[in-house]
Amino acid sequence: MFCKNCGKEINNNAVVCPHCGTATDNLTQSANKYQVVHRSNGLAVAGFVLSLIMGGLISLIISICGYTKSQEPEYDGDGRGLAIAGIVISSIELAGVLILIFALIGLGSCASITM
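Residues numbered from 1 in each chain as written. Predicted model: local features only at pLDDT ≥ 70, side-chain atom pairs only at ≥ 80, totals over all residues. Heavy atoms only, no water.

**Q** Explain the overall build of the chain to me, using residue names and the numbers behind them.
**A** Along the chain, the regular secondary structure elements total four helices and zero strands. Helices and strands in the chain line up, N terminus first, as α-α-α-α. The 115 residues of the chain split such that 18% are buried. Long-range contacts, defined here as pairs at least 24 residues apart, represent 39% of the contacts in the chain between residues at least 6 apart. Surface exposure of the chain reaches about 8,000 Å², of which carbon and sulfur atoms provide 66%. (Helix = DSSP H or I, 4+ residues; strand = E, 2+ residues; numbered from the N terminus. Buried < 20%, exposed > 50% of the residue type's maximum accessible area, 1.4 Å probe, protein only. Contact = heavy atoms within 4.5 Å. Areas by Shrake-Rupley, 256 points an atom, 1.4 Å probe, with all protein chains shown as cover.)

Take a look at the structure:
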């Protein structure tokens, strides 16, 4: 095969001319062979949905795992927003449960003192 720019003979499998650096037709053909695979982040979605339905520690852990997975190159940030929302919602629900538990413990100790 000959370079379409400089006319020098080059390897038939070359994607770039080694003499002048011009791309050959093989470059576009090899680029079409490789497709970028975009994966969906199921953990981020599951963490968000669980935080809406039941909340708690399990949804917090799943949301954190989904956020960590969204930072991997093959996920390219997919699900990061849902994971963050799941983390925030689950954290607020857990804080509310803890406040309620401490309030009930405080009320129980006050009731036993007055008796």
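**Q** Tell me what's going on with unusual backbone geometry, and back it up with residues and numbers.
**A** The residue D76 is not glycine, and still its phi comes out positive at about 50°. As for its placement among the helices and strands, D76 is situated in the loop between α3 (56-70) and α4 (80-114).

**Q** Quick one: what's the story with the environment of V49, residue by residue and with numbers?
**A** Mapped onto the fold, V49 is located in helix α2 (residues 42-53). With relative accessibility at 37%, the residue V49 sits in the partly exposed group. It is 7.5 Å that separates the C-alpha atoms of V49 and G86, two residues lying 37 residues apart in sequence.

**Q** Outline a nonpolar patch on the surface, supporting the account with residue identities and numerical values.
**A** Taken together, the side chains of V45, V49, L52, I53, M54, I58 and L82 present a nonpolar region at the surface, about 640 Å² in accessible area. The biggest single contributor to the nonpolar patch is α2, with four residues. (Patch = residues over 30% accessible without salt bridge, like charges linked within 9 Å, V, L, I, M, F, W, Y side chains within 5 Å. Salt bridge = Lys/Arg side-chain N within 4 Å of Asp/Glu carboxyl O.)

**Q** Could you give an account of the packing of α2 against α3, with specific residues and numbers?
**A** In a pair of packed helices, the angle between the axes and the distance between the axes together describe the arrangement. The interhelical angle for the contact between α2 and α3, taken along N-to-C directions, is 155°, at an axis separation of 7 Å. If you check the angle between α2 and α3, you find them roughly antiparallel. Every pair of crossing elements has a handedness; the one defined by α2 and α3 is left-handed. Every residue of α3 that contacts α2 at L43, A44, A46, G47, F48, L50 and S51 is listed here: S59, I62, S63, C65, G66 and K69. (Axes fitted to C-alpha atoms, helices over the stretch in contact; angles between N-to-C directions. Parallel < 35°, antiparallel > 145°, perpendicular 65-115°, else oblique. Left-handed = near helix turned anticlockwise from the far one by under 90°.)

In short, the description is geometric, and any link to function would need to be established separately.
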